[in-house]
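Residue-level structural notes
Take a look at the letters that make up each chain.
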Amino acid sequence: GNSVTQMEGPVTLSEEAFLTINCTYTATGYPSLFWYVQYPGEGLQLLLKATKADDKGSNKGFEATYRKETTSFHLEKGSVQVSDSAVYFCALKAGGYNKLIFGAGTRLAVHP
Amino acid sequence: DTAVSQTPKYLVTQMGNDKSIKCEQNLGHDTMYWYKQDSKKFLKIMFSYNNKELIINETVPNRFSPKSPDKAHLNLHINSLELGDSAVYFCASSPLGGTPVLGELFFGEGSRLTVL
């Protein structure tokens, strides 16, 4: 079946450090891939997405590239800020009806 | 002003009770969802309604019953609550959710249910 595996947190970084959060997936067919972010006290928000192999999604300095050969969609940011502290969820959509399959979430804590 | 709002945000109750969580969206979307986030943070879809019609019904105990009085509301009623029902329940909505076309999901802030 379809599933998403992402690295366990928490990830703790200093401001301006480089961020990578790993995400791999298992799916039949060609899924669309997403990163959602949940800031403290808020609901999940779409951060970026990619709908086909080799697509790169980007937003707010975050990037992720859809790698079909390694079934991965790792999230990266070159220089994190304290305001990036949140929980990040990798997700895939395979099939219709916007049925998203989420990973377990990775908590990021950025310190000044 | 909130796009997707859930009430209550926190709910503490005893085993065996019946409780409801309400969700409303003011985005004009046709499709709404309930997701459950367990203690290990896994988010799993439970139900989805498109224009008041049930379109996704995952393997969920029949103690859980969604109700959609109109396309802006999707409520979740839970009968005979069990300890394992303790979780955070997220409501979401999206445009075009009833078609294969990709639509972004907009989530509420979650309702934390604790069953004692």
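Note: the structure precedes this text.
Now for a quick tour of the structure.

Here we come to the packing of aromatic side chains. Evaluation of the coordinates by the stated rule reveals 12 aromatic pairs over all chains. Between Phe64(B) and Tyr89(B), the aromatic rings sit 6.3 Å apart at their centres with planes inclined by 35°, giving tilted as the arrangement. In this pair, Phe64(B) sits in strand E7 (residues 64-70) while Tyr89(B) sits in strand E9 (residues 87-94), placing the two residues 25 residues apart along the sequence. Neither Phe64(B) nor Tyr89(B) differs from the other in exposure class; each is buried. Judged by centre distance (6.3 Å) and plane angle (80°), the rings of Phe90(B) and Phe107(B) are edge-to-face. Residue Phe90(B) is located in strand E9, and its partner Phe107(B) is located in strand E10 (residues 106-107); the two are separated by 17 residues in the primary sequence. Owing to a relative accessible area of 1%, Phe90(B) belongs among the buried residues under this scheme. Residue class for Phe107(B) comes out buried when judged on its relative accessible area of 8%. Aromatic rings pair up to connect Phe34(A), Tyr36(A), Phe89(A), Phe102(A), Tyr33(B), Tyr35(B), Phe90(B) and Phe107(B) into one cluster.

Size of an interface: often given as the accessible area lost when the parts come together. The interface is formed by 26 residues belonging to chain B together with 22 residues belonging to chain A. Both sides together, the interface formed by chain B and chain A hides about 1900 Å², and carbon and sulfur atoms give 59% of it. Where Glu58(B) meets Lys99(A), a salt bridge forms, and the shortest distance between an N and an O atom there is 2.9 Å. Between chain B and chain A we count 3 residue pairs in polar contact (both at pLDDT 80 or more) in total. Only strand E4 (31-37), strand E5 (43-50), strand E6 (53-57) and E9 of chain B provide two or more residues apiece to the side of chain B that touches chain A. The element contributing the most residues to the side of chain B that touches chain A is E4(B), with 3 residues. Of the residues in the side of chain B that touches chain A, the class split is 14 nonpolar, 7 polar and 5 charged.

Thresholds, definitions, all that
- Residues numbered from 1 in each chain as written.
- Chains lettered and ligands numbered in written order.
- Predicted model: local features only at pLDDT ≥ 70, side-chain atom pairs only at ≥ 80, totals over all residues.
- Heavy atoms only, no water.
- Phe/Tyr/Trp six-rings, centres within 6.5 Å; stacked < 30°, edge-to-face > 60°.
- Helix = DSSP H or I, 4+ residues; strand = E, 2+ residues; numbered from the N terminus.
- Buried < 20%, exposed > 50% of the residue type's maximum accessible area, 1.4 Å probe, protein only.
- Contact = heavy atoms within 4.5 Å.
- Buried area = accessible area lost by both parts, 1.4 Å probe.
- Salt bridge = Lys/Arg side-chain N within 4 Å of Asp/Glu carboxyl O.
- Polar contact = N/O pair within 3.5 Å; in protein donor to acceptor, adjacent residues only side chain to side chain.
- Nonpolar A, V, L, I, M, F, W, Y, C, P; charged D, E, K, R; others polar.

Don't take any of this as a statement about function, it's just geometry.
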